[in-house]
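The chain contents come next:
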Amino acid sequence: MNDDKNEAFRRLLRSQRVPHAGELPVFDPAMAPDAPLPLFRQWFREAVESEEPGPHTMMLATAGADCRPSQRTVMLHDADERGWHFGTHRTSRKGRELAERPYASLAFHWMRTGRQVRIAGRVTEAGPEESAADLRGRSPAALAAALAGAGRQSEVLGSYEELLRDFEAAYERAEREPEASAPTWTLYVLAAEEVEFYQEEARRRHVRLRYHRAPGERDGWHRELLWP
């Protein structure tokens, strides 16, 4: 019976195809800018224009003192000359891991344009004022989630009813106090040391362009192509 179920799953898996909106865009790495940020912003805009679902969602990978990696999907809050911004509670698992090892990697996958972007580097906290401003800029539902999860995100939940009760109270507070703060909410900024752009090609002659620089180096980027 298990063999039949395993084979059925394998057939289902092999039948899947990567969805694209149409013809894939052509990426000429020789025309890429000297720094990764302008190219990232261009690709992000084109992902939005292609109606990619949730183009601002990204995979965040961290590791703690035990060096065991963990990953989860988070939202991009900004991308500027300082780096790529995201927020979470510093008491969450990812927050604790970043405190132990302040390095992380991000990954975007935009299927409609056949593109991926991978970013790695050192992560720093933006500071309490900027973190509070980031929280104030979120939707009422997101604010409620931050208030309910303050100090408890990633902890064991006693029951789903407890979550419903606390979220209801958090929603009421968010509506009553749109400027409410969650002391553990933290805005993080990943200062990239490596950024890779990956463009799929119909015949699998994929293009991989990597920008990189040495840790602590602030001026200029080195560029190189990678085998797909």
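Residues numbered from 1 in each chain as written. Predicted model: local features only at pLDDT ≥ 70, side-chain atom pairs only at ≥ 80, totals over all residues. Heavy atoms only, no water.

1. Some points on the overall build of the protein
Then step 1. When its secondary structure is counted, the protein shows six helices and nine strands.
Then step 2. Referenced to the eigenvectors of the C-alpha coordinate spread, the extents of the protein come out at roughly 60 × 55 × 40 Å.
Then step 3. When each of the 228 residues of the protein is scored for burial, the buried share is 36%.
Then step 4. Counting contacts in the protein only where the partners sit at least 6 residues apart, residues at least 24 apart contribute 65% of the total. (Helix = DSSP H or I, 4+ residues; strand = E, 2+ residues; numbered from the N terminus. Buried < 20%, exposed > 50% of the residue type's maximum accessible area, 1.4 Å probe, protein only. Contact = heavy atoms within 4.5 Å.)

2. Observations regarding the packing of aromatic side chains
Then step 1. One pass over the full model with this rule turns up 12 aromatic pairs.
Then step 2. Seen in terms of ring centroids, phenylalanine 27 and tryptophan 43 are 5.2 Å apart; in terms of plane orientation they differ by 80°. Their pairing is edge-to-face. Highlighted residues: phenylalanine 27 in the loop between helix H1 (2–14) and helix H2 (36–49) and tryptophan 43 in helix H2, separated in sequence by 16 residues.
Then step 3. For the pair tryptophan 43 and phenylalanine 197, a centre-to-centre distance of 5.2 Å together with 85° between the ring planes defines the contact as edge-to-face. With tryptophan 43 in helix H2 and phenylalanine 197 in strand S7 (residues 185–199), this residue pair connects regions lying 154 residues apart in the sequence. Assigned by exposure class, tryptophan 43 and phenylalanine 197 land together as buried.
Then step 4. Among the aromatic residues, those joined into a ring-pair cluster are Phe27, Trp43, Phe197, Tyr211 and Trp221.
Then step 5. The side chain of arginine 115 reaches across the aromatic face of tryptophan 43, ending 4.2 Å from its centre. (Phe/Tyr/Trp six-rings, centres within 6.5 Å; stacked < 30°, edge-to-face > 60°. Lys NZ or Arg CZ within 6 Å of the ring centre and 35° of its normal.)

3. Topic: helix H5 (residues 140–149)
Then step 1. Here H5 lies mainly inside the structure; seven of its 10 residues are buried.
Then step 2. Taken together, the buried positions of H5 are occupied by Ala142, Leu143, Ala144, Ala146, Leu147, Ala148 and Gly149.
Then step 3. At its buried positions, H5 is contacted by strand S4 (83–89), helix H4 (128–136), helix H6 (160–176) and S7.
Then step 4. Following H5 by one or two positions, glycine 151 adopts a phi angle in the positive range, close to 75°.

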